[in-house]
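As a plain string of letters, each chain reads:
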Amino acid sequence: MASGNPSVHPYGLDPDTIGRPVFSATIRPHQSLSRLGFRVVMTGCCLVSLTVSVWAWRMGFWPVAGFFGLDMLAIYAALKVSLRRGRSFEEVMISQLEILLARVSHRGERHEWRFNPLWTKIVTIEDDEYGLQRLTLVSRRQQALVARDADPDERARIAHGLGQALAQVKKGY
């Protein structure tokens, strides 16, 4: 070795570490309800619906009970869809060789984008009032939206981490 530091490879990057991730993140959409929260909300809604429906039936307004049943069915369906969509996620990994963005849907379908880190730039669209609205990786003619289900603050943190990792990778060459 040319230097006395054994951690520095004589030709620059160490071949053993070139494929290791410099940045890695898993991005999940925000969910306001857990499974237990779903059960609590549905139980509370059903109890209120049942109480009002029984009262309306006894007062002679029997169609109200049917409409409350439809409302409960709609609330159940909307919350189930929300819980199912919460299983989707994105993975972002930056190494010296490539940028990998993988988006896995709630059905388990996986879509991948691979970019060369030397040709890739980060494009952001920011609003003064609402924060970072859009984060996109662009390389030549290919582009991919990153953290599309994240809130603006989390999207800004991810953009900062991606920017630092890309700068580190580009500085190595």
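First, a word on scope: everything that follows refers to the structure included in this document. Just so you know, these numbers come straight off a predicted model, no measurement behind them.

With respect to the element layout, Cys-46 can be found in helix H1 (residues 35–59). Of the residues examined, Cys-46 reaches a relative accessible area of 37% and is grouped as partly exposed. In sequence terms Cys-46 and Asp-71 are 25 residues apart; their C-alpha atoms lie 9.8 Å from each other.

Along its 23 residues, helix H2 (residues 63–85) runs 34 Å from first to last C-alpha, staying within 8% of the 33 Å computed at 1.5 Å per residue. Listed as buried for H2 are Met-72, Leu-79 and Leu-83. In this structure, the buried residues of H2 make contact with H1.

Let us look at a nonpolar patch on the surface. A contiguous nonpolar patch, built from Trp-55, Met-59 and Phe-61 and spanning about 370 Å² of accessible area, is present on the exposed surface. Structurally, the position occupied by Met-59 is in helix H1. Relative accessible area serves as the criterion here: at 49%, Met-59 is assigned to the partly exposed category.

All right, on to the sheet that holds strand E1 (residues 21–27) then. The strand order across the open sheet built from four strands is E1-E2-E3-E4, with neighbouring strands paired in antiparallel fashion. The two strands at the open ends of the sheet, each matched to only one other strand, are E1 and strand E4 (110–115). Shown here is a sheet whose adjacent strand axes are inclined to one another by a mean of 10 degrees, direction ignored. In this structure, strand E2 (residues 89–95) lies alongside strand E3 (residues 99–104), joined through six bridges in antiparallel fashion. Its bridge partner being in E3, Glu-90 is matched across the sheet by Arg-103.

Analysis parameters
Residues numbered from 1 in each chain as written. Predicted model: local features only at pLDDT ≥ 70, side-chain atom pairs only at ≥ 80, totals over all residues. Heavy atoms only, no water. Helix = DSSP H or I, 4+ residues; strand = E, 2+ residues; numbered from the N terminus. Buried < 20%, exposed > 50% of the residue type's maximum accessible area, 1.4 Å probe, protein only. Expected span 1.5 Å × (residues − 1). Contact = heavy atoms within 4.5 Å. Patch = residues over 30% accessible without salt bridge, like charges linked within 9 Å, V, L, I, M, F, W, Y side chains within 5 Å. Areas by Shrake-Rupley, 256 points an atom, 1.4 Å probe, with all protein chains shown as cover. Salt bridge = Lys/Arg side-chain N within 4 Å of Asp/Glu carboxyl O. Pairing = 2+ DSSP bridges. Axes fitted to C-alpha atoms, helices over the stretch in contact; angles between N-to-C directions.

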